[in-house]
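A look at the structure
The primary structure of each chain is shown beneath.
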Amino acid sequence: MRRFKKIFGFLVLVIVSLQVISDSKAEMLQITVRAWLESQWILANSHIQCSLFSQQVKSWHRNLSTTCSKCSKSRRLGHKRNISEKKLTHYFVDHRKVRVIAGKGGDGISCFHSEPRKIYGGPDGGDGGDGGHIILKVDQQVKSLASLLPLYKGFNGENGGNKNCYGAAGKCIYIKVPIGTMVKEDSEVVADLNQHGEEYVAVYGGAGGKGNRFFLANDNRAPITATQGEPGQERVLSLELKTMAHAGMVGFPNAGKSSLLRAISNAKPAVAPYPFTTLNPHVGIVLYEGYEQVAVADVPGIIKGAHQNRGLGLAFLRHIERCRFLLYVLDLSVSEPWTQLQDLKYELEQYEEGLSKRPHAIIGNKFDLPQSKSNLPLLKEQVEQRVIPLSALTGENLEEFLLHLKELYDNYVKTEELQRCKPMKW
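No experiment lies behind these values; they were computed from the predicted model shown. (Residues numbered from 1 in each chain as written. Predicted model: local features only at pLDDT ≥ 70, side-chain atom pairs only at ≥ 80, totals over all residues. Heavy atoms only, no water.)

1. Side note on the overall build of the protein
What counts, and what does not: Only runs of H or I of at least four residues qualify as helices and only runs of E of at least two qualify as strands under DSSP, and these elements are numbered from the N terminus. All accessibility values rest on the Shrake-Rupley procedure with a 1.4 Å probe; residue burial counts only the protein chains present in the view.
Of the regular secondary structure elements, the protein holds seven helices and 14 strands. Summed over all atoms, the accessible surface of the protein reaches about 24,400 Å², with 53% contributed by carbon and sulfur.

2. A few points about the nonpolar core
Stated formally: Definition of nonpolar core: a set of buried residues of the types Ala, Val, Leu, Ile, Met, Phe, Trp, Tyr and Cys, connected through side-chain atoms within 4.5 Å. Three labels apply to residues, based on accessible area from a 1.4 Å probe with only protein chains included: buried if under 20% of the type maximum, exposed if over 50%, partly exposed otherwise in between.
Judged by nonpolar contacts, the single largest core of 28 residues is most densely connected at Leu260, Ile264, Val296, Phe325, Leu327, Phe401 and Leu405. Of all the secondary structure elements, the ones that give two or more residues to this core are strand S9 (247-250), helix H3 (257-264), strand S11 (293-298), strand S12 (325-331), strand S13 (360-365) and helix H7 (398-418). If one sorts the elements of this core by residue count, H7 sits on top with eight residues. If you look at the next biggest cluster of nonpolar residues, it comprises 23 residues, including Val250, Ile320, Cys323 and Leu376.

3. Here we look at H7
We count it as follows: Here a helix's expected span is defined as the number of its residues, less one, multiplied by 1.5 Å.
Between its terminal C-alpha atoms H7 stretches 31 Å, which fits the 30 Å expected from 21 residues at 1.5 Å a residue. Taken residue by residue, H7 has Leu398, Glu399, Phe401, Leu402, His404, Leu405, Lys406, Leu408, Tyr409, Tyr412, Val413 and Glu416 as its buried positions.

4. A word on the sheet that holds strand S2 (residues 134-138)
Sheet strands pair via backbone hydrogen bonds, and the direction of the pair is either parallel or antiparallel. Threshold: Only when DSSP finds a minimum of two bridges between them are two strands counted as paired. With axes taken as lines fitted to C-alpha atoms, and helix axes fitted only over the stretch in contact, angles between N-to-C directions fall between 0 and 180 degrees.
On the basis of which strands lie adjacent, the open sheet formed by three strands has the order S4-S2-S7 and mixed pairing. The open sheet has two edge strands, strand S4 (173-177) and strand S7 (199-203), and neither has a second partner. When strand polarity is set aside, the average angle formed by the axes of neighbouring strands in this sheet is 30°. Inspection of the sheet shows S2 paired to S4 by five bridges, in the parallel sense. By the bridge assignment for S4, Ile134 is matched with Ile173.

5. What about the pattern of salt bridges?
We count it as follows: By definition, a salt bridge exists where a carboxyl oxygen of Asp or Glu is found within 4 Å of a side-chain nitrogen of Lys or Arg.
Following the criterion strictly, the structure yields ten salt bridges and no others. Across the salt bridge formed by Asp410 and Lys406, the nearest N and O atoms sit 2.9 Å from each other. Of this pair, Asp410 and Lys406 both sit in helix H7, four residues apart, which is roughly one turn of the helix. Judged by relative accessible area, which is 19%, Lys406 ranks as buried.

6. So, the packing of aromatic side chains
Just so we agree on the cut-off: In this analysis, rings of Phe, Tyr and Trp, with Trp reduced to its six-membered ring, are considered paired at centre separations within 6.5 Å, and the interplanar angle assigns stacked below 30 degrees, edge-to-face beyond 60, and tilted for intermediate values.
Counted by the stated rule, this structure contains two aromatic pairs. Taken together, a centroid distance of 5.3 Å and an interplanar angle of 90° make the contact between Phe214 and Phe215 edge-to-face. Judged by centre distance (6.4 Å) and plane angle (45°), the ring pair of Tyr409 and Tyr412 falls under tilted. Of the two residues, Tyr409 and Tyr412 are both situated in helix H7; the distance of three residues between them amounts to about one turn of the helix. For the pair formed by Tyr409 and Tyr412, the shared burial category is buried.

7. Thoughts on unusual backbone geometry
At Lys366, a position not held by glycine, the phi torsion is positive, near 65°. Tracing the sequence through the fold places Lys366 in the loop between S13 and helix H6 (370-382).

8. Observations regarding the sheet that holds S12
Formally: In what follows, a contact means two residues having at least one pair of non-hydrogen atoms within 4.5 Å.
The strand order across the open sheet formed by six strands is S10-S11-S9-S12-S13-S14, and the pairing between neighbours is mixed. If you trace the sheet from one side to the other, it starts and ends with strand S10 (282-287) and strand S14 (387-389), each paired once. Geometrically, the sheet is characterised by an average inter-axis angle of 25° between neighbouring strands, direction not taken into account. Bridge count between S10 and S11: six bridges; the pairing is antiparallel. When the bridges of S11 are listed, Gly284 appears paired with Val296. Strand contacts of H3: S9, S10, S11, S12 and S13, with the helix running at about 160° to S11, the strand carrying the most contacts. Packing against the sheet, H7 makes contact with S9, S10, S11, S12, S13 and S14, and its axis sits at approximately 155° to S12.

9. Quick notes on the pairing of strand S1 (residues 95-101)
Summarising the sheet, S1 and strand S8 (residues 234-241) pair through seven bridges and their orientation is antiparallel. Residue pairing across strands places Arg96 opposite Leu239, the latter belonging to S8. Bridge count between S1 and strand S3 (residues 151-153): three bridges; the pairing is parallel. The partner of Val100 across the bridge, within S3, is Tyr152.

10. Brief notes about the pairing of S13
Operational definition: For a crossover, the right-handed case is the one in which the path from the first strand over the helix to the second runs clockwise, viewed with the strands pointing away from the viewer.
Within S13, five of the six residues are buried, which leaves it mostly tucked inside the rest of the structure. Across six bridges, the pairing between S12 and S13 is parallel. Within the sheet, the bridge partner assigned to Val329 lies in S13 and is Ile363. Note that S13 and S14 share three bridges and pair parallel. By the bridge assignment, Ile363 is partnered in S14 with Ile388. Taken together, S13, H6 and S14 constitute a β-α-β crossover, and its handedness is right-handed.

Okay, here's the thing in structure tokens:
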């Protein structure tokens, strides 16, 4: 850049000096210098744009690759902006209470036909249109109940008109919900939506009123009666998300579950050095080749006695119940880390029999600490299953974990296909 500035400054002085000379040769030299100056400016501009584009391309590449497990040991993860848990509550919502009011039916009209030379034309009041329904519709692209509003009101039907014109019916309102949404009313399950495109009519719109044409009879040739439209249904529904993710991370508070989720996905749960930092579940998407997406849930920490509603209690144990396979996240830096695994399995088994026996992986987090390296051989002696040591902070051995996570997902898909069931896709 300094060289270009010097050249431009020199050429500007040359052009200024040439402007003083009035000779024809000087004019030709001036034109030549100007053309060369323009070509050098285009070259410098293209060089600057290429350098900026290369810097953007480098920033687009993830610091994590799935090629070799040895390459990540000298690599540190990029820093993500910390967001408070209070600001993250709207990212994933698994429970909503919604009040739905369907549209009111249109009123019928009482009128009589009138035209020249036809005095007694008879009644011609039309009926009112029906009110609009409110329908819950499953959409595969929706992953949370965060976009739902607390109140929905349907469209009212139009009133009837003269000349036997019926009023238009109110349009239906479709509320998009994710797959696996349970609809409850007064703690009773009224619908379980598990398929893409499935619909459930939450409330029906009111019927339209009848015009006086409807009441025409042999004994009543000039009725003046017209009815009003009926009000729509009104209900208060509790929507609860049943299916949350493929994998659920289970661990005690401060085990590093949120840090691990930030390392393997674009999710940004709050991270802090104190227990119960995560108060709401968060879902991160891990991308693989072939557009495969594995959803991993960060469930708030479990403590001893969680099956008795201690700590955060049963509200988040039900999320673990709905995961296809589990990831036990242990803190390798504490003494006797295998006791954490035993306590976690005990709490899951007390909550639901057979829950701890689901396909799972054992992850030893905080492997970058000195105490963790000495505890790892002791943990492998106490546990029969494979243990994957890693560090969510430095990114060490994350590739091995990602490959094992893909194996668990592939086994889940094969099992569902053998049972002729449709696996959950994100």
